[in-house]
Each structure stands twice: as structure tokens, then as C-alpha cells.
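Secondary and tertiary structure notes
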Amino acid sequence: MPEKRATNGDESAAKKPKMENPGFCGHFEGDGLTVKELMSQGLGLTYDDVLLLPSYIDFPVDIVDLSCQLTRNITLKAPFVSSPMDTVTEENMAIAMALQGGIGILHNNMTPDLQAKMVASVKRWRNGFILEPIVLGPDATVGDVVSIKEQRGFCGIPVTEGGAQHGKLLGLACSKDIDTVTDMATPLQKVMVPAAELVLGKTSAASPITLDSAQELLHKSKKGYLPIIDEDGKLQMLCSREDSKKNREWPLASLDKRQQLLVGAAIGTRPDDKERAAKIAAAGVDVIVIDSSQGNSLYQIDMIKHLKASFPEVEVIAGNVVTKGQAKNLIDAGADALRVGMGAGSICITQEVMAVGRPQATAVYQVSEYATKERGVPVIADGGIKNVGHICKALTLGASTGMLGGLLAGTTEAPGEFFYSNGQRLKKYRGMGSIEAMQQGKESGKRYLSDQQKVQVAQGVSGAVADKGSVHGFVPYLYKGLQQAAQDIGYRSFIEVRKEAYAGNVRSERRTPAAQAEGNVHGLHSYEKKLFATSA
């Protein structure tokens, strides 16, 4: 007697093959529920309540593509976004996340000037062509070069006529040219390498130089810098050996059109946040995150409209939201992506204190079904992500990326110093709605619309997390874990997983508490849970 196939009221859907895949034999009766069926039971589900069923594998894990949309116009090679929390993301974390294919969102619990400085620092870390190099005139001094090196961290300064940024190139002053000079008042024209002795790249409107050819010329010259000039000998841009080396070392790096690292920064919804937005936009920020625990407000809608009108080149991520109605208002205002989550974070107590929020798996699915499926706006799953399996579930349920807070807290790149307690190496981690965070920077309270209140009600706590090592070890583990998860589900990318989940071809089940216990380590007297190992 032939087995019964599940039809879900649609015979054609049941018979339709997932792909041209000889190993895929359809869904049999009892083979779980579609995601829509699972999420239509009127229950609020968390990630732990959901389990995905495996399918057929006919491809190696290494070909799984984790590329994703952060916003309408920004694509990442890895679906990881570090949270704008003051114990998670400052410049070191933002640089590390971008190098690993994701992006970091700088927190705003600091002055606007400091936040803009951090944005600029991330953007300067890596360049393709340096289109606006720092230059000096021939009468500038060795002391001027030393000052630039101390402030900016590099020392390859083109010397041009009159110190004009795109003036005629006269020479180049590097560390080796000034290291032995004791008189800081020595003019650069006496120590620089003249233009006639330099290896130069040449470009023109008719024959523009490419980055690959410039880097090849730089490598052959064995020099640290390659000035690039036009037909009139005027400096157009600069290429750096150090930047070329970074290109090779970080193949997944998230880059803008200038080949600089992508970076985001958070702002609030108060009038003075417009000034903050202007400063970080001028510093080169790629995406602005409007940071609010409840994003469906007149204040945020007005801020979205202001940002889109004032800085059209900067993407805007709005939120947080957990319902389709909230999402509609922010998308209508011009949001390029949405953060989804309210009260699901490990250090968040909004659901407990305010009795408002939504279980995260349900929130991600319901908002994504409207925002992404109907409106084409990517969703960022923000909160409740404790492990790589939770990221997999978020991406399957409709999110394009996952925002990581507690998962990255305790890494080397997270702000703060390590300390020891009972022999364990720890680092502080706190919610932006904690009293400590709201009182320290004064900006965090804006996220909860409580900065002007005499009595501030906490919506977060402060704590500590264990040392996780460097992001450059931990994030590759997350990346590989997601590749293996997609392989088990039977698809070559999470874009495909998400599409097939909506089509009913990815099956799932709701887990009882007993099933959740069974799916975790159990029955052992003691054990060591080592998450990953790297080969030599």
C-alpha cells in the first residue's frame, strides 16, 4: 500500500519537487508542519519551541552561500550584525565584524563627536583607492608628518604644490624618510622622495586605472605606497600596500564602493539626534539604526523621514517592532530594514516589567511575512539568539540577518576589561535599559523614551559573561555552523531556505519542554561543552 503524502489542501504543492533532485521524495504524512501551519496555531513561540526537520543532501557544505540583505541596498556575505550596546560594539568590534563578512553597529551611549570619530576610524582601517589622501606642501615640516602619524596611525604623505589635495605631485614622505631626522622643523622638500624617483600609477578619463592593476604595480615595485596621477601629473589617489594585504587576508570583508569597511551607528529619536546623525553621516557611516525599544512612534516616523530626506545615500534601519501593523508604519515612512524583537534579549526585562512584547520566533515570522514577503524590506532578528541554531531558525522563519548581543559579549573585541571571579575570566555585559547604562551615558534612556523622566524604570539588567576569545575565532564557528545547518535542511543558501519555507517545503515541529530537554546534553555525570576547534 503506497504511503500517504501530506497535501495541506494543495495536491499540486505536495507533488511539486523541491528541486531537480533525485533524492527528494516529497513529504509524507506526519513529516512535520509547514512553517505557516506551525505559526498559525495562536501561540507565541520562542526559538527553543521550534525544530526544523532534515531533508536530502546532494552537495558539500562548503558551497553553502550565506550572502544576505542587510537593508534594501546593502548586501553582506555573512548574516551577522553586532548590537549597538555599550558592552558589545565600539570600533574594534565594528572592524572585526566587517572583516568577517557582517557589520557592526556602534552604540550611541557616547557623545556625537566620539561616535563620529569611531565611524571614521572604521572607514579608515581599510581602503581600495584612497580617493582623498592627506597631503602636505613642500614647506611643511617633518614634525607635521610625525603629528599625522601619531593621530592617524599611518605615515605615507604625498607632497603636492601648495599642499592641494589634487595638486601636482612633487614627492612622497614616508617613515623611512624621516626616521633619522632629529630636527622637526626640517621642510619636507629636503627629505621627501621626488616624484621623478617614484613608481607611479597613471589614470585618465579615457583609460582609468583599475584596483587590480594598481595593486599589481604596487607589488612589483615592492614599495609601501603607489601615488596615482593624471596626464598633467596631478595627484588623483593613493594605493597602499597595507590595504592590499588586507584585501587578501579578509576575503569575506563587507565593503562599500570605495572598498572601505561597512559600518553602522545608532541614534535616538530626540531632536538633538538630528545633529548626531549629521556628524556620523559626514564621517562616512553606511547605515543608521534608529534605536528604540518600541519603534512604532510618531518620533521615529518623523526621524525616518528626516534621515531619508537629509542623507539619501545612508540606509536607515528602523525598529524595534514585533507586529505587522508596527512594520507597516515604519516601512511607509521609508525604512530600509526593520529590527524585530521586544523583550527577548538575555539582559532585557521589558516583557516582565511592561507586560509588552512578543515571543521572538513568532515575532520574526509574522513581521517577515509582511515586511519581506510583501514589501521587500529585510528583517533583522534582534534578541533571544543564544546559539548558532537560533540564528538558523531566525533565518528560516524570515529574517535576513541576526543581531548578536550576548553572543558577542565577552569576546576580546567587545568594550571593557576582563576580570576574574572564582577563577573564571569574565567581562561585563548589560542591557541598554539597565539603570547603570541609562545613568552613565544619558543617551541610553532615549531608547526607552525615559530620558526626561524623574523616575526611570529599568527594562534591562547588568551582569557578566564568560570570555569567548576573539571574534576572529568565534564568528567563523557561527559561519560554519550555519553552512552545516543549511546542508541538513537540504538547501544551498538561506535565501533558498527562506523561500522554500514560505512555499511549504521546509518542515518543522513544535517541541515540548521534554523534547527540548532531550535535545540538549542530558544523562551525564559531568561533561565539557567545547563549541569548536580549529585545525593548525
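Here's what I pulled together on the structure shown here. Every value quoted in this text rests on a predicted model; they were computed, and no experiment measured them.

Rules used throughout
- Residues numbered from 1 in each chain as written.
- Predicted model: local features only at pLDDT ≥ 70, side-chain atom pairs only at ≥ 80, totals over all residues.
- Heavy atoms only, no water.
- Patch = residues over 30% accessible without salt bridge, like charges linked within 9 Å, V, L, I, M, F, W, Y side chains within 5 Å.
- Areas by Shrake-Rupley, 256 points an atom, 1.4 Å probe, with all protein chains shown as cover.
- Salt bridge = Lys/Arg side-chain N within 4 Å of Asp/Glu carboxyl O.
- Helix = DSSP H or I, 4+ residues; strand = E, 2+ residues; numbered from the N terminus.
- Axes fitted to C-alpha atoms, helices over the stretch in contact; angles between N-to-C directions.
- Parallel < 35°, antiparallel > 145°, perpendicular 65-115°, else oblique.
- Left-handed = near helix turned anticlockwise from the far one by under 90°.
- Contact = heavy atoms within 4.5 Å.
- Nonpolar A, V, L, I, M, F, W, Y, C, P; charged D, E, K, R; others polar.
- Buried < 20%, exposed > 50% of the residue type's maximum accessible area, 1.4 Å probe, protein only.
- Pairing = 2+ DSSP bridges.

Judged by side-chain polarity, Val353, Met354 and Val356 come together as a nonpolar surface patch covering roughly 210 Å² of accessible area. Structurally, the position occupied by valine 356 is in the loop between α12 (350-354) and α13 (360-371).

With that settled, consider the packing of helix α7 (residues 211-221) against helix α8 (residues 241-249). Helix-helix packing is characterised by the crossing angle of the two axes and by the distance between the axes. Close contact between α7 and α8 brings their axes to 10 Å; oriented N to C, the two are set at 115°. Here α7 is positioned roughly perpendicular relative to α8, judged by the angle of their axes. Crossing of α7 against α8: the hand is left-handed. For the pair α7 and α8, contact is made by Gln215, Leu218 and His219 and by Arg241, Ser244, Asn247 and Arg248, respectively. Class assignment of the residues belonging to the contact of α7 with α8 gives a composition of one nonpolar, four polar and two charged.

In this structure the tally under the stated criterion is 18 salt bridges. For the salt bridge of lysine 308 with aspartate 336, the shortest nitrogen-to-oxygen distance reads 2.7 Å. Taken together, the positions of lysine 308 in helix α10 (residues 298-310) and aspartate 336 in the loop between α11 (324-333) and β16 (337-340) put the pair 28 residues apart, joining distant regions of the chain. On the basis of relative accessible area, lysine 308 is assigned to the partly exposed category, the value being 22%. Within the structure, one salt-bridge network assembled from shared partners comprises Arg72, Lys308 and Asp336.

Here we take up the sheet that holds strand β14 (residues 287-290). Here eight strands make up a closed barrel; going around it, the order is β5-β6-β13-β14-β15-β16-β17-β18 and the pairing parallel. Across the sheet, the mean angle from the axis of one strand to that of its neighbour is 25°, orientation sign disregarded. Relative to β16, strand β15 (residues 315-321) runs parallel, the two sharing four bridges. Bridge assignment links glycine 319 to a residue of β16, and that residue is arginine 339. Lying over the sheet, helix α9 (residues 273-282) contacts β13 (264-267) and β14, oriented at roughly 170° with respect to β13.

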